[in-house]
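Survey of secondary and tertiary structure
The residues making up each chain are set out below.
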Amino acid sequence: MRLPFFVYGTLRPGETNHDRYLRGRFRSEQPARLADAVLYDGPGYPYAVAEPGGVVHGELVTVLPEAYDEVLPALDKLEECVPGDPRSLYERVARQVTLDADGTAVLAWVYLAGPAVAARLRAHGGLIEGGDWRARR
């Protein structure tokens, strides 16, 4: 599936990986939120973890069709995501996100913490209150 991406950390506009991975490769970026997830602080980047009632803030990025086959594997590599491997740092899942502007629901790829990472974060992680990685500063 060629879904847009919901980004909430270093891939957001103005953050360290945005220019490296997305500049010139996207059609649009729109503020959005992911329901039923919370955000944990990591070593220089955040982790989203599924959690009923939580909200994570970020952007919905629609990649240009001609760049999609380049962007998807590059983001999987950045996120240390190997589809189907439970040892992955992140897992890429299709989730509904909501556009802030008008409340439209959109199916998007989201990188959630992998199972082992999520368990460790739930037990010992630093929760980012409000679900906005930029606001943690």
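Here goes a summary of the coordinates provided. Just so it is clear, the structure is predicted and the values come from calculations on it, not from any experiment.

The subject of this paragraph is the pattern of salt bridges. Under the definition given, this model contains nine salt bridges. Residues Arg 25 and Glu 70 are paired through a salt bridge, measuring 3.3 Å at the closest nitrogen-oxygen approach. Note that Arg 25 is positioned in the loop between α1 (18–21) and β2 (26–41) and Glu 70 in helix α2 (residues 68–78), a separation of 45 residues in sequence. The partly exposed category is assigned to Arg 25, whose relative accessible area is 22%. Take Glu 70: its relative accessible area is 46%, and that puts it in the partly exposed class. Of the charged contacts, one joins Arg 87 and Asp 85 as a salt bridge, the two residues approaching to 3.0 Å between their closest N and O atoms. Residue class for Arg 87 comes out exposed when judged on its relative accessible area of 72%.

Moving on to helix α3 (residues 115–124). Inspection of α3 places Val 117, Ala 118 and Leu 121 among the buried residues, and these make up the whole buried set. Projected onto a plane normal to the axis of α3, the buried residues spread over an arc of 100° and lie on a single side. Within α3, the exposed residues directed more than 90 degrees away from the buried face are Ala 116, Ala 123 and His 124.

The pairing of β2 with strand β3 (residues 46–63) spans 14 bridges and is antiparallel. Among the inter-strand pairings, Ala 32 is bridged to a residue of β3, identified as Gly 58. If you look at the hairpin formed by β2 and β3, you'll find four residues sitting between the two strands, and Gly 44 has a positive phi there, around 95°. Bridge count between β2 and strand β4 (residues 90–99): three bridges; the pairing is antiparallel. When the sheet's bridge partners are listed, Arg 33 is paired in β4 with Thr 98. Sheet topology note: the β2/strand β6 (residues 126–127) ladder contains two bridges and is antiparallel. Across the sheet, residue Tyr 40 finds its bridge partner in β6, namely Leu 127.

Following the criterion strictly, the structure yields four aromatic pairs and no others. Centroid distance Tyr 45 to Tyr 47: 5.6 Å. Interplanar angle 65°. Geometry classified as edge-to-face. For Tyr 45, a relative accessible area of 25% translates into the label partly exposed. On the basis of relative accessible area, Tyr 47 is assigned to the buried category, the value being 4%.

Let us look at unusual backbone geometry. Residue Asp 36 is not a glycine yet carries a positive backbone phi of 60°. Along the polypeptide, Asp 36 turns up in strand β2. Exposure remark for Asp 36: the relative accessible area of 39% places this residue in the partly exposed category. Although it is not a glycine, Glu 80 sits at a positive phi angle of roughly 50°. Position of Glu 80 among the secondary structure elements: in the loop between α2 and β4.

Buried residues of α2: Tyr 68, Val 71, Leu 72, Leu 75 and Asp 76, and no others. Along the axis of α2, the buried positions cluster into a sector of 130°, meaning they face one direction only. Of the exposed residues in α2, the ones pointing more than 90 degrees away from its buried face are Asp 69 and Lys 77. Buried residues in α2 make contact with β1 (5–7), α1, β3, β4 and β5 (105–113). Positive phi appears at Glu 80, one or two residues downstream of α2, with a value of about 50°.

What counts, and at which threshold
- Residues numbered from 1 in each chain as written.
- Predicted model: local features only at pLDDT ≥ 70, side-chain atom pairs only at ≥ 80, totals over all residues.
- Heavy atoms only, no water.
- Salt bridge = Lys/Arg side-chain N within 4 Å of Asp/Glu carboxyl O.
- Helix = DSSP H or I, 4+ residues; strand = E, 2+ residues; numbered from the N terminus.
- Buried < 20%, exposed > 50% of the residue type's maximum accessible area, 1.4 Å probe, protein only.
- Arc of directions from axis to C-beta.
- Pairing = 2+ DSSP bridges.
- Phe/Tyr/Trp six-rings, centres within 6.5 Å; stacked < 30°, edge-to-face > 60°.
- Contact = heavy atoms within 4.5 Å.

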